[in-house]
Every structure is written in C-alpha cells, then in structure tokens.
Amino acid sequence: MTELHWELADEDATRAAGIRLAGMLDGGLVVYLHGELGAGKTSFARALLTALGVGERIKSPTYSLVEGYQGRHRPAWHLDLYRIADPGELEWLGLDALSDPDAVVLVEWPERGRGALPAADLELQLSYSGLGRHARLIPHSGRGERLLQRLALIA
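Residues numbered from 1 in each chain as written. Predicted model: local features only at pLDDT ≥ 70, side-chain atom pairs only at ≥ 80, totals over all residues. Heavy atoms only, no water.

### What about the overall build of the protein chain?
Stage number 1. Across its full length, the protein chain holds 3 helices and 7 strands.
Stage number 2. Counting from the amino terminus, the protein chain carries its helices and strands in the arrangement β-α-β-α-β-β-β-β-β-α.
Stage number 3. In summary, the protein chain has a C-alpha radius of gyration of 14 Å against a globular reference of 15 Å for 155 residues, a match within 12%.
Stage number 4. C-alpha atoms of the protein chain, sized along the principal axes, occupy 40 × 30 × 30 Å.
Stage number 5. Sorting the 155 residues of the protein chain into buried and exposed places 49% on the buried side.
Stage number 6. Long-range pairs, those at least 24 residues apart, make up 64% of the contacts in the protein chain with a sequence separation of at least 6.
Stage number 7. For the protein chain, the exposed area adds up to about 7,600 Å²; of that, 52% sits on carbon and sulfur atoms. (Helix = DSSP H or I, 4+ residues; strand = E, 2+ residues; numbered from the N terminus. Rg over C-alpha atoms; globule rule 2.2 N^0.38 Å. Buried < 20%, exposed > 50% of the residue type's maximum accessible area, 1.4 Å probe, protein only. Contact = heavy atoms within 4.5 Å. Areas by Shrake-Rupley, 256 points an atom, 1.4 Å probe, with all protein chains shown as cover.)

### A closer look at the packing of helix 1 (residues 11–24) against helix 2 (residues 41–51)
Stage number 1. Contact pair helix 1 / helix 2: the axes reach a minimum separation of 7 Å and the direction vectors enclose 40°. Classified by the angle their axes make, helix 1 and helix 2 are oblique. Crossing of helix 1 over helix 2 shows right-handed handedness. Across the interface between the two elements, Glu11, Thr14, Arg15, Ala17, Gly18, Ile19, Leu21 and Ala22 from helix 1 touch Ser43, Phe44, Ala47, Leu48 and Ala51 from helix 2.
Stage number 2. Along the lines of polarity and charge, the residues of the contact of helix 1 with helix 2 split into 8 nonpolar, 3 polar and 2 charged. (Axes fitted to C-alpha atoms, helices over the stretch in contact; angles between N-to-C directions. Parallel < 35°, antiparallel > 145°, perpendicular 65-115°, else oblique. Left-handed = near helix turned anticlockwise from the far one by under 90°. Nonpolar A, V, L, I, M, F, W, Y, C, P; charged D, E, K, R; others polar.)

### Regarding the sheet that holds strand 5 (residues 104–108)
Stage number 1. Read from one edge to the other, the open sheet built from 7 strands follows the order 1-7-6-2-5-4-3, with strand pairing classed as mixed. Whereas interior strands pair on both sides, the edge strands pair on one side only; in this sheet they are strand 1 (4–8) and strand 3 (66–70). Going across the sheet, the axis of each strand differs from the next one's by a mean of 15°, ignoring polarity.
Stage number 2. Note that strand 3 and strand 4 (residues 75–80) share 5 bridges and pair antiparallel. Within strand 4, the position partnered with Gln70 by the bridge is Pro75.
Stage number 3. Each of strand 1, strand 2 (29–34), strand 6 (122–129) and strand 7 (132–139) touches helix 1; the most contacted strand, strand 1, lies at about 145° to it.
Stage number 4. Strand contacts of helix 2: strand 2, strand 3, strand 4, strand 5 and strand 6, with the helix running at about 170° to strand 5, the strand carrying the most contacts. (Pairing = 2+ DSSP bridges.)

### Observations regarding the pairing of strand 4
Stage number 1. Joining the antiparallel neighbours strand 3 and strand 4 is a turn of 4 residues.
Stage number 2. Relative to strand 5, strand 4 runs parallel, the two being bridged by 5 bridges. Bridged to Ala76 within strand 5 is Val104.

### Side note on the packing of aromatic side chains
Stage number 1. Counting across every chain of the model gives 1 aromatic pair.
Stage number 2. Between Tyr82 and Trp109, the ring centres sit 5.0 Å apart and the planes meet at 55°, which makes this aromatic pair tilted. Of this pair, Tyr82 sits in the loop between strand 4 and strand 5 while Trp109 sits in the loop between strand 5 and strand 6; the two residues are 27 residues apart in sequence, bridging distant segments of the chain.
Stage number 3. Judged by relative accessible area, which is 33%, Tyr82 ranks as partly exposed.
Stage number 4. Given a relative accessible area of 12%, Trp109 falls into the buried group. (Phe/Tyr/Trp six-rings, centres within 6.5 Å; stacked < 30°, edge-to-face > 60°.)

### Some details on the nonpolar core
Stage number 1. Core analysis: the biggest nonpolar cluster contains 31 residues, and Leu21, Leu137 and Leu151 have the highest contact counts within it.
Stage number 2. Broken down by secondary-structure element, the contributors of at least two residues to this core are strand 1, helix 1, strand 2, helix 2, strand 5, strand 6, strand 7 and helix 3 (142–153). (Core = buried A, V, L, I, M, F, W, Y, C linked by side-chain atoms within 4.5 Å.)

Below is the structure:
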C-alpha cells in the first residue's frame, strides 16, 4: 500500500478521522500535518489527542509552538511551526523528547522545521474538496505502512 485517501465531508468527519487513526495506534508515531490555513490540521490533532486519553484542554500550539500531553498509554506532542522562519529557532525548545519511540508527535507546518524534527512515519495532507476536505495519508516508515494497512482493513 502506498497511500490512503479519505473524503471528509465536514469538521465532524475530520475529527472522526483523527479518532479513527488514534484507535489504530499500537505505539508511537510521528505525523506531519500539511494543509492550508483552515484545512483542519488542528481539528484532526485535537481529536486524535483526545482519543488517546488526553484529559486536559488541548490548546493550539500556534503561539507556544509546542504543547506536551500525557495520554493513557504514551506521551504526546503537538507542534505548530507556522510562525517559525528558520529551523534553527527550534534549538531552544528542547525537542529531544520528541525522539521517544513511544510518543505520538503531531507536527503542523513541518517544512518550517526541516532538519530539526524526527522523521515522519506518516504524512497527512488535507486539502479543500468542495465544502469538505480530502485527506491523503502517505507512509514514510514501516510503522506508517502498518498503520495504513490496519486503517485500510476497516475502510
């Protein structure tokens, strides 16, 4: 399997996709989230984190750049690098914790942190499609490939 496509009719469908992906995780995962402003990256991330058992309010990391959480079974990180002009700006954030193989790491605007981030297991590209969104999931590792195979079985 090379990639998986989902049509997401609205924000509820985008959240459902995040919940669905969370339900298939059997360990850590690094996900790069791509899409224009308003395409649903943060909605997807919030739903996934909530489904992983994060009980606190999930804030958008637009201004803090990174938010850390503890789910039921693993740590999780949500990064929004929209305001980063150069990957060197990430050095002071202490991103070493992102390399934990059990952690779930969700990165919005990952191209702005190129070279300073852990490699993606999965890439999610969200694009506008009529009134809804189109989601394209592309694996970049064995973990990403196995996750897409599990997702495809219930599609």
